[in-house]
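# Secondary and tertiary structure notes
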Amino acid sequence: MPAGSVAPEPDLPPEPLAIGLPDLDVTNCPVCGRPIAVGAWKCPGCGTRLLLGVPARRAGTFVVLGLVLGLVVGAGSAAAVVGRSSASGPQPGVAGVPAASGAVTPASSEPSAAPSPTARASSGVPAGAAAALGGILVTNDRLVGRAPELRAELASASFDSFAVATTLRALNADAVAGRGIVGLLRPWPAAAETANRVDAAYALVSDTAAHSLASSLSDPAAYRAGATAMLGVLAGLDQVRSATDALAGQAGVATPGPSVAGG
């Protein structure tokens, strides 16, 4: 052997299985019959890889067969359900299927704030601008219609910060929604100036509400001040309402009824 070379280590025989030790479960290899421990993943005699005591290749075949059978059975069950549904006919109330004649439709619990204006756009008025104008008319009435609630809370002997906060949240939501449709007015050149005024007014309503809502409900003085400030902002909407009413007449959009706010 050349100097400095390392002799290769001889192959060691496989470690014998300690058969007969207590608490040791023993089974036989399904290929060569050699005794092996239960749960062994490889037979030390023939080298067969095992999976739960079954040769790995055979176990893989069982898994694939089980998957195929599962798909076949699942598809058959789905087809049977579809067949029964088709045979029974369309059911009322299902999306895309009209309900039977005479069926009662549950009424919405949300009351309607104001009748929707009818958009009859005159010549030269973009349809989107006419539709947006109708939504702004309704939004104006919704905003001004909250004023009596704030006045009643300010006049109450037992001031309720939570009730004022609820009204301010509703005002903020209406103003934000209104700002989302104001942009549809701008493609109509005659409405550009009014659109800017409406957007600024709605932004002031939203900012005033958000400033008050940042206060704690345990601070009634802050909500009194917020309600008073909001009443001033809503009073300033009269000019915006006059401008949008005039624009609606020019566009042929019918205005809704008088506001419940009373001014």
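Residues numbered from 1 in each chain as written. Predicted model: local features only at pLDDT ≥ 70, side-chain atom pairs only at ≥ 80, totals over all residues. Heavy atoms only, no water.

### Observations concerning the overall build of the protein
So the rule is basically this: Secondary structure is summarised from DSSP: a helix means a run of H or I of at least four residues, a strand means a run of E of at least two, and numbering begins at the N terminus for each. Burial here depends on accessible area, computed with a 1.4 Å probe over protein chains only, as a share of the maximum for the residue type. Under 20% is buried, over 50% is exposed, and the range in between is partly exposed. Accessible areas in this description were obtained via Shrake-Rupley with a 1.4 Å probe; residue shielding takes into account the shown protein chains only.
Each helix and strand in the protein was counted, giving seven helices and four strands. The order of α-helices and β-strands along the protein, N terminus first, is β-β-β-β-α-α-α-α-α-α-α. Out of the 263 residues in the protein, the part that is buried amounts to 29%. Summed over all atoms, the accessible surface of the protein reaches about 16200 Å², with 61% contributed by carbon and sulfur.

### Digging into the nonpolar core
Worth spelling out the cut-off: Side-chain atoms within 4.5 Å are what join buried Ala, Val, Leu, Ile, Met, Phe, Trp, Tyr and Cys residues into a set we call a nonpolar core. Residues count as neighbours in contact if any of their non-hydrogen atoms are within 4.5 Å of one another.
Core analysis: the largest hydrophobic core is formed by 39 residues, its most contacted members being Leu-150, Leu-171, Leu-185, Val-205, Met-230 and Leu-234. Contributions of two or more residues to this core are made by helix H2 (127-144), helix H3 (147-155), helix H4 (161-182), helix H5 (192-213), helix H6 (220-235) and helix H7 (237-251). Of the residues forming this core, the biggest block, eight residues, is contributed by H2. If we ignore the near neighbours within four places in the chain, the residues touching Leu-171 are Leu-143, Arg-146, Leu-150, Val-205, Met-230 and Leu-234.

### Description of the pattern of salt bridges
Put simply, the rule reads: Counted as salt bridges are all cases of a side-chain nitrogen of Lys or Arg within 4 Å of a carboxyl oxygen of Asp or Glu.
Scanning the entire structure with this criterion turns up four salt bridges. Measuring nitrogen to oxygen at the nearest pair gives 2.6 Å for the salt bridge that ties Asp-141 to Arg-241. Here Asp-141, found in helix H2, pairs with Arg-241, found in helix H7; they are 100 residues apart in sequence, far enough to count as distant. Neither residue differs from the other here; Asp-141 and Arg-241 are each classed as buried.

### What to know about the packing of H2 against H5
As a reminder, the rule being used: Orientation is described by lines fitted to C-alpha atoms, with helices fitted over the stretch in contact, and by angles between N-to-C directions that extend from 0 to 180 degrees. Handedness of a helix crossing follows the sense of rotation of the near helix relative to the far helix, less than a right angle counterclockwise being left-handed and clockwise being right-handed. Residues are grouped as follows: Ala, Val, Leu, Ile, Met, Phe, Trp, Tyr, Cys and Pro are nonpolar; Asp, Glu, Lys and Arg are charged; all remaining types, including Gly, are polar.
H5 packs onto H2 with a crossing angle of 35 degrees between their chain directions and a minimal axis gap of 12 Å. Once H2 is placed against H5, the crossing between them reads as left-handed. Contact residues: Ile-136, Thr-139, Asn-140 and Leu-143 in H2; Val-198, Tyr-202 and Val-205 in H5. In the contact of H2 with H5, the residues fall into five nonpolar, two polar and no charged.

### Things to note about H5
Residues spaced three or four apart along an α-helix point in a common direction, a consequence of the helix completing one turn every 3.6 residues. Test applied: To estimate the expected span of a helix, subtract one from its residue number and multiply by 1.5 Å.
With 22 residues, H5 extends 32 Å between its outermost C-alpha atoms, agreeing within 8% with the 32 Å of an ideal straight helix rising 1.5 Å per residue. Within H5, the full set of buried residues consists of Thr-194, Ala-195, Val-198, Asp-199, Ala-201, Tyr-202, Ala-203, Val-205, Ser-206, Thr-208, Ala-209 and Ser-212. If you follow the buried residues of H5, they end up packed against H2, H4, H6 and H7.

### Description of the side chain of Glu-153
Considering the arrangement of structural elements, one finds Glu-153 in helix H3. Ignoring sequence-local partners within four residues, the contact set of Glu-153 consists of Phe-159, Asp-160, Ala-163 and Val-164.

### Observations regarding H6
For H6, which comprises 16 residues, the first-to-last C-alpha distance of 23 Å matches the rise-based estimate of 22 Å (1.5 Å per residue) to within 8%. Along H6, the residues that are buried comprise Ala-222, Tyr-223, Gly-226, Ala-227, Met-230, Leu-231, Val-233 and Leu-234. On its buried face, H6 is in contact with H2, H3, H4, H5 and H7.

In short, shape yes, function no, at least from these values alone.
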